[in-house]
Amino acid sequence: MNDLTLTRREFLQAAGALVVQASGLLAMGDAAAQAAAPVIVGPHPSALDTWVRIAADGMVTVNSGKMDCGQGLDLAYAQIVADELDVALDRVQVTLGDTRLSPNQGGGSGSTGLRMGARPLRNAAAEARRLLVESAAARLSVAADALDVDNGRVFVKADPARGVTYAELVGGRNFAAPLKWNNAVGNGMDAVGQARPKDPSQYKIVGKGFKRKDIADKVMAREHYTAHIRPANLLHARAVRPAVAGAQPLAVDAASIAGIAGAKHFVKGGFVAVVAETEWDAIRASRALKVTWSDVQGPFAGGEDKVFDYIRAARPTAANAIPMFGGKKDFDPKPTLDALAASKKVVEADYECAFQSHARIAPSCGVADVRGDKAEIWADTQKPHFLRDGIAKFLGLQVANVQVKWMHGAGSYGRSDADEAPYEAALLSREFGRPVRMQWSREEGTAWDPKAPAGIISMKAGLDEAGNVTGWLFKAKGFNGWDVRFTGESPEHTLVGMLTGHRKWNAYNFNTPEESYRFPKHVHWWETVPPYLQEASPMRTAHLRAPQEMQTRFGQECFIDEVAAAAGMDPVAFRLKHLTDEREIAVVKAAAEKMGWQPRTARAGGGKLMTGRGIALHSGYQSYAAVACEVEVNKSTGRIWVKKVVIGHDCGMMVNPIGVRAALEGQIMQGISRALYEEVHFDDKRVTSVDWQTYRIASMDDMPAEVELVLINRPDKPIGGAGEPAIVCFPAAIANAVADATGVRIRRYPMVPERVKKLLA
Amino acid sequence: MPQYTLNIDGAKRVVNARADEPLLYTLTDTLKMKGPKFGCGVAQCGTCTVLVDGAPVRACVTPVSSLGKKPIRTLDGLEKNGKPHPVQVAFVEEQAAQCGYCANGWIMHSVALLEKNPKAGEAQIRKGLAGVQCRCGTHIAILRAVKRAGETMAKA
Ligand code: FES
Ligand code: FES
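**Observations concerning the overall build of chain B**
Broken down by element type, chain B carries five helices and five strands. For 156 residues, the compact-globule estimate of 2.2 N^0.38 gives 15 Å, and chain B sits close to it at 15 Å. In chain B, which comprises 156 residues, the proportion classed as buried is 58%. Across chain B, contacts joining residues at least 24 apart in sequence account for 57% of those joining residues at least 6 apart. Accessible surface, chain B as shown: approximately 6,000 Å² in total, 53% of it carbon and sulfur. Each charge sign in chain B was given a centre, from 21 positive and 12 negative side chains, and these centres are 2 Å apart.

As structure tokens, this is what we get:
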């Protein structure tokens, strides 16, 4: 895997896929669809062999353009393919995110790994089975419907001794069979053959719990992470950033690193870096290099203390009604405002959400080997194919000449810094004519990664005499959700791209997830505010796990509790009164029951150590989650301990319950972390969150004493994403529990101890 | 560049390094070892942890020149005669890794803790592992794994 050249197996795969590409194209849809089809570089989605291959020894290889950062996507794919093909699970191996072997399925994003990414694999496996059974029918001279398959062997139902194995049928050749591609590139990519996938009721492997295999490699020090890629003749690189955001390098004193043998510096536009023969020398050179930076005023007027004032006062750059994608929507707040004005009682509140960092456990790392007009990239990117396209554009190379190999890396939960170092490594490798490994520092990993935007969620509701809701108003106003895109498909979506003259795109979005509750008169919209610094900002924003949903749901799910209180109702009862979707109702009920939820309206706690419980609901990604929790609040320290967590969860057809549990446990700790601690600190000149002391995350100490997961399996429903809906609930569920415990409503997250202490004093 | 003879996982390794080079880079860059990893470089996360004289040490801030002949144990050397360490076995059993980048820190700290006291209770484990960071939020599975490893080691 560490080699610069393809291994024999990979090479055979890549070559095979190209051969089949031609035959795949022949049978593609109608002429019009063909004319509209985007150009595919690399393995073609309309070739069966792109997705599934069977080797001479019967091993099944599955290629996917997605990636995994520890959720076990490859295992879930293997389960699906094994079931469709009727082979044993351990006969299936999955390769992910290698642009030489797979088409662009969009990489990792939006919990699409299974719910969208599995579709072409499932279809291809079904088609492969159909073809194999047909060929067995010919070989055994029986009708195809007289045959069945078990463990990779096709046999005659009436005479099971007569049969032939897949390996014998395939004989090491390609399928050379076409699929019909839907002309989509990215998450929506699909391809179908003549066979229909099995009905889920026939699945034997899907739905059962299996353990991941990559964990052994990871804990036995065998796994290759990007950080381990060190080709021969490697140069190590580090970047040098200005102390004041937005400052430009005016002069660089080469003599300042002359004492470090082999160290060299590089400047292009606003990007400054050093390279050296050893990693330690690269670090030393980055510290020693004297750069004269332009004298700029800090861009972050007032720093973090004034961020919400800034948002309130700012003129919007864009506004839109509720749906996150799909163009501009008209909205008319007047009927809602009129209804509110006529209400007996009006409740309103603002909720504030701080900037958060992706802060990966290891900052960005990328290795590039650019030789002439070709480039090879190793990266723990979430989007290998988009990274390939972007680096090709950045260096002016043909896309076909750039290869990206996705590697395991530090967990990435959205558009993190993962694509940054690979771009920088590519630029430096071309400059110095050697392979380059760029490693960001901890400081860069929190101070210069793309951020989740800060925002204010304003809520207003009216109640009539009977305590019924008369009108519901939701408005999100915050920093743009995507100063850089969630794909690094083009240089302007990276820091180094902007630093070298690629101008930031101008697209705006804050996003508001559809609400679960149905009220007669309601209006929802968002507004974005201008960035502090237009280009190359350390506070540029991008998707962070469940983008802007945590912010908006914090407002919505806290406010529903506040309205319930105003109506004199228990929060669970009030939610159930206004929910219509049976799956939402089911997860709320499941969580409340498991929690032993006792209806009440008055607060419970008192004294120094106060306890209370809260709940929040989120649905999205074709999944549903209700999180109930019990907290203990220490009045004298302001510390919130989430003592118990219960999740009611429905992600449709569950492929691997062990994987779903692991995903939920991870979301519990990351959810607690984002709810209680995570905020980007900055003054008017720079981001001051530079390490784990200045960007605090949850630790072992924050672990709940008790966790209960109620998994609702719905094999009749599509596979939903299990990586996002639950985490969204945490800030609201915790704030609701704190209000129950203390009678004090916290309307900002993170709920850091210092602030909580003040609010409780 | 000065030369040092390090005692790593029971073997003598001769390396050239600057006196101030942190051990982490010697292990990863010069010796191409995979267990200890760079996470922060400022002794705040634990991904670089090795055991020196049996105690967890942050390799990212420990100069190679300070080690002398002291025995250094790493994740790469935990497996003995093809047998994984009970802590490694427990991490696999409990599936205690998402990205797994942090696993080195948790495992090495747990080895140090449990080899001294396999009967460590939950409170001691939580305290012993307080300085290790995990971004993916795998703590719940990790704690299960460490408890399981303790049980195995207490029986042995
Ligand atoms: S890398 Fe050494 S403690 Fe983080
Ligand atoms: S498993 Fe990813 S940081 Fe711990």
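**Focus: the overall build of chain A**
When its secondary structure is counted, chain A shows 22 helices and 29 strands. By the compact-globule yardstick of 27 Å for 761 residues, chain A fits well, its C-alpha radius of gyration being 27 Å. Once the C-alpha set of chain A is aligned to its principal axes, its extents read approximately 80 × 75 × 50 Å. Across chain A, every contact between residues at least 6 apart in sequence was considered, and the portion connecting residues at least 24 apart equals 78%. Carbon together with sulfur atoms contributes 51% to the accessible area of chain A, which is approximately 26,300 Å² in total. Looking at chain A, you have 92 positive and 86 negative side-chain charges, and the mean spots of the two groups are 1 Å apart.

**Regarding helix H4 (residues 73–85) of chain A**
All names here are of chain A. For H4, with 13 residues, the first-to-last C-alpha span of 18 Å sits near the 18 Å given by 1.5 Å per residue. By the criterion of burial, H4 is predominantly enclosed, with twelve of the 13 residues buried. Positioned one or two residues after H4, Asp86 has a phi angle of 60 degrees, which is positive.

**Here we look at the sheet that holds strand E1 (residues 3–8) of chain B**
Residues and elements named next belong to chain B. Spatial ordering of the open sheet is given by E2-E1-E5-E3-E4, a layout of five strands whose pairing is mixed. The open sheet has two edge strands with one neighbour each: strand E2 (11–16) and strand E4 (55–58). Strand-to-strand, the axes of this sheet are offset by a mean angle of 45 degrees, without reference to chain direction. Of the pairings in the sheet, the one linking E1 to E2 comprises six bridges and is antiparallel in character. Across the sheet, the residue bridging to Asn7 is Lys12, located in E2. The sheet contacts of helix H1 (residues 23–30) involve E1, E2, strand E3 (49–52) and strand E5 (71–73), and relative to E1 the element is tilted by about 85 degrees. Each of E3, E4 and E5 touches helix H3 (residues 103–116); the most contacted strand, E3, lies at about 25 degrees to it.

**Observations regarding the pairing of strand E3 (residues 92–96) of chain A**
With respect to burial, E3 of chain A is a largely interior element, four of its five residues being buried. Once the chain exits strand E2 (residues 60–64) of chain A it traverses H4 of chain A before rejoining the sheet at E3 of chain A, and the crossover so formed is right-handed.

**Thoughts on the packing of aromatic side chains**
Considering all chains together, one arrives at 20 aromatic pairs over all chains under this definition. The interplanar angle of 80 degrees and the centroid separation of 5.4 Å between the aromatic rings of Tyr225 of chain A and Tyr101 of chain B together place this pair among those described as edge-to-face. Residue Tyr225 of chain A is found in the loop between helix H8 (214–219) and strand E9 (235–240), and its partner Tyr101 of chain B is found in the loop between helix H2 (86–93) and H3; the two belong to separate chains. Tyr225 of chain A gets classed as buried once you look at its relative accessible area, which sits at 1%. Residue Tyr101 of chain B is classed as buried on the basis of its relative accessible area of 4%. Ring geometry for Trp472 of chain A versus Phe559 of chain A: centroids 5.3 Å apart, planes at 55 degrees, classification tilted.

**Side note on the sheet that holds E2 of chain A**
Residue and element names in this part refer to chain A. Pairing in this open sheet of three strands is mixed, and the strands run E1-E2-E3 from one edge to the other. Each having just a single partner strand, strand E1 (52–54) and E3 make up the two edges of the open sheet. Ignoring which end each strand starts from, the neighbouring axes of this sheet average 20 degrees apart. Judged from the three bridges that link them, E1 and E2 form a sheet pairing that is antiparallel. Residue pairing in the sheet places Ile54 in a bridge with Val60 of E2. Those strands touched by H4 are E1, E2 and E3, and its axis lies near 135 degrees from that of E3.

**Digging into the interface of chain A and chain B**
Listed per partner, the contact involves 61 residues of chain A and 52 residues of chain B. Of the roughly 4,800 Å² buried between chain A and chain B on both sides combined, carbon and sulfur atoms contribute 58%. Of all residues in chain A, Trp280, Ile361 and Met700 of chain A bury the most surface against chain B, accounting for 17% of the area lost on that side. In this assembly, chain A and chain B are joined by five salt bridges.

**Brief notes about the pattern of salt bridges**
Residues and elements named next belong to chain A. According to the stated counting rule, one finds 60 salt bridges over all chains in the structure shown. Linking Arg222 and Asp217 is a salt bridge whose minimum nitrogen-to-oxygen distance equals 3.0 Å. Its relative accessible area of 29% is what places Asp217 among the partly exposed residues. Measuring nitrogen to oxygen at the nearest pair gives 3.6 Å for the salt bridge that ties Arg415 to Glu420. Each member of the pair Arg415 and Glu420 is classed as buried.

**Some details on the packing of helix H9 (residues 279–288) of chain A against H1 of chain B**
Their axes nearest at 9 Å, the elements H9 of chain A and H1 of chain B cross at an angle of 130 degrees. Classified by the interaxial angle, the pair formed by H9 of chain A and H1 of chain B is oblique. Residues Glu279, Trp280 and Ile283 of chain A of H9 of chain A pack against Tyr25, Thr28 and Asp29 of chain B of H1 of chain B. The residue inventory of the contact of H9 of chain A with H1 of chain B, partitioned by class, reads three nonpolar, one polar and two charged.

**Digging into the confidence of the model for chain A**
On average, chain A scores 93 in pLDDT, and the residues at 70 or more come to 94%. In the model, residues 1–34 of chain A has pLDDT below 50 throughout and makes 57 contacts with residues more than four positions away in sequence or in other chains.

**Let's talk about unusual backbone geometry**
Residue and element names in this part refer to chain A. Following Tyr749, the chain continues into Pro750 via a peptide bond in cis, with omega recorded as 5 degrees. Mapped onto the elements, Pro750 comes out in the loop between strand E29 (748–749) and helix H22 (753–760). With a phi angle near 55 degrees, Ala546 is a residue other than glycine that sits in the positive phi range. Within the element layout of this structure, Ala546 appears in the loop between strand E24 (522–529) and helix H16 (549–566). Positive phi, normally seen in glycine, also occurs at Gln622, with a value near 60 degrees.

**Topic: the pairing of strand E15 (residues 345–353) of chain A**
All names here are of chain A. Across nine bridges, E15 lies against strand E22 (residues 455–463) in antiparallel orientation. From the neighbouring strand, Glu352 faces E22, where its bridge partner is Ile456. With two bridges joining them, E15 and E29 adopt parallel strand pairing. Bridge pairing in E29 links Glu352 to Arg748.

**Looking at the domain arrangement of chain B**
Residues and elements named next belong to chain B. Per the domain assignment, the segments of chain B are domain 1 (3–74) and domain 2 (86–155). Listed by partner, the interface residues are 16 residues for domain 1 and twelve residues for domain 2. Here domain 1 meets domain 2 over a buried area of about 1,100 Å², counting both sides, of which 53% is carbon and sulfur. Linking domain 1 to domain 2 there are one salt bridge. For the salt bridge of Glu115 with Arg73, the shortest nitrogen-to-oxygen distance reads 2.8 Å. Viewed at the interface, domain 2 and domain 1 are joined by eight residue pairs in polar contact (both at pLDDT 80 or more).

Rules used throughout
Residues numbered from 1 in each chain as written. Chains lettered and ligands numbered in written order. Predicted model: local features only at pLDDT ≥ 70, side-chain atom pairs only at ≥ 80, totals over all residues. Heavy atoms only, no water. Helix = DSSP H or I, 4+ residues; strand = E, 2+ residues; numbered from the N terminus. Rg over C-alpha atoms; globule rule 2.2 N^0.38 Å. Buried < 20%, exposed > 50% of the residue type's maximum accessible area, 1.4 Å probe, protein only. Contact = heavy atoms within 4.5 Å. Areas by Shrake-Rupley, 256 points an atom, 1.4 Å probe, with all protein chains shown as cover. Lys, Arg positive; Asp, Glu negative; His and termini not counted. Charge placed at Lys NZ, Arg CZ, Asp CG, Glu CD. Expected span 1.5 Å × (residues − 1). Pairing = 2+ DSSP bridges. Axes fitted to C-alpha atoms, helices over the stretch in contact; angles between N-to-C directions. Right-handed = clockwise from strand over helix to strand, strands pointing away. Phe/Tyr/Trp six-rings, centres within 6.5 Å; stacked < 30°, edge-to-face > 60°. Buried area = accessible area lost by both parts, 1.4 Å probe. Salt bridge = Lys/Arg side-chain N within 4 Å of Asp/Glu carboxyl O. Parallel < 35°, antiparallel > 145°, perpendicular 65-115°, else oblique. Nonpolar A, V, L, I, M, F, W, Y, C, P; charged D, E, K, R; others polar. pLDDT = per-residue confidence, 0-100. Domains from an automatic or database assignment. Polar contact = N/O pair within 3.5 Å; in protein donor to acceptor, adjacent residues only side chain to side chain.

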